[in-house]
Amino acid sequence: MSGTPAAGADGGPPPRDPGLQPERTRLAWRRTALAVTVVTVLAVRLAVSGGPFGALVAGLAVLAWGAVLAICWRRGTGSGPAPSGGRSLPLAALGGASLALLGVLLVLGGLW
Amino acid sequence: MWESIRRWFDPRELRSVGSTPDYRFSLANERTFLAWLRTGLALVAGGLAAAQFLPPLPLRHLREAIAIALLLLGGTVAVRAVDHWARTERAIRLGEELPASRFPAILALAVGAGALLLVVAVVVRTVGGP
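Residues numbered from 1 in each chain as written. Chains lettered and ligands numbered in written order. Predicted model: local features only at pLDDT ≥ 70, side-chain atom pairs only at ≥ 80, totals over all residues. Heavy atoms only, no water.

**A few points about the nonpolar core**
What tends to happen in soluble globular proteins is that the nonpolar side chains get buried as a cluster. Trp29, Val39 and Val107 of chain A together with Phe33, Leu37, Leu48 and Trp85 of chain B are the most contacted members of the largest nonpolar core, which has 49 residues in total. Contributing elements (two or more residues each) for this core: helix H1 (21-47), helix H2 (51-76) and helix H3 (88-111) of chain A together with helix H3 (23-53), helix H4 (62-94) and helix H5 (103-128) of chain B. Here the element with the most residues in this core is H3 of chain B; it accounts for 11 residues. Dropping the residues within four chain positions of it, Phe33 of chain B is found in contact with Leu89 and Ala93 of chain A together with Ala81, Val82 and Trp85 of chain B. (Core = buried A, V, L, I, M, F, W, Y, C linked by side-chain atoms within 4.5 Å. Buried < 20%, exposed > 50% of the residue type's maximum accessible area, 1.4 Å probe, protein only. Helix = DSSP H or I, 4+ residues; strand = E, 2+ residues; numbered from the N terminus. Contact = heavy atoms within 4.5 Å.)

Below you can see the structure in the form of structure tokens.
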């Protein structure tokens, strides 16, 4: 495997990565944005039947959705070499785990 | 445990070990993390769907139990995805063996067992029902 493709030998544009790795990673972020949107729609649909408690949970779910969407937007757009790693990953996972927790609260709230 | 959680949110700490690898390896690791995150989100979506689309089941609160089990499993998958990503990134930077994990096998067995239980439930209902 060759090293990191930097600028071309004569300072021209960098050689194209044959694996299209940055593009594939951007598309993976966009797919994640779609998945988190589906989860939020389901959570809000479940929450609207839950009265004031449901409205509170729905609001928190929309907040988590907005945060994850902002991260996915930042990482899923642009061109050139994509930055990898960083805080975006744990924050996106935190958003997903928060939606799971809000779902548990909704189900438990529906029992009482 | 809190120390490793703090480390997830501190990219400088991760970049301080070993040497910077070929960026394609880091991007592949990131895509694996995202695939795990989507797996977790799919489980969460399944739990939310079970809570609102399943009819009331003969066993009391069985529907809620199924929903909560799927939701907790989904949340666990999302959190574990970060941990595995960080440990893999560290191993790549240090040139070590990639971390091995039993988690995919356990998750696959759990999903398979759940599907089998549902098949049995459907068959029992079809054969024994009115």
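**Notes on the interface of chain A and chain B**
One frequent convention defines the size of an interface as the accessible area lost when the parts assemble. Of the residues lining the interface, 43 residues belong to chain A; the matching set on chain B comes to 35 residues. For the chain A and chain B pair, buried surface summed over both sides reaches about 3700 Å², with 73% attributable to carbon and sulfur atoms. Linking chain A with chain B are 1 salt bridge, by the criterion used here. Across the pair Glu30 of chain B and Arg75 of chain A runs a salt bridge whose closest N-O atoms are separated by 3.1 Å. (Buried area = accessible area lost by both parts, 1.4 Å probe. Salt bridge = Lys/Arg side-chain N within 4 Å of Asp/Glu carboxyl O.)

**Here's the deal with the UniProt feature "domain: DUF202" (unreviewed entry) in chain B**
In this structure's numbering, the residues bearing the UniProt feature "domain: DUF202" (unreviewed entry) are residues 24-91 of chain B. Helix and strand shares over residues 24-91 of chain B are 88% and 0% respectively, and the end C-alpha atoms of the span are 15 Å apart. (UniProt positions renumbered as here; feature names shortened; annotations may be inferred.)

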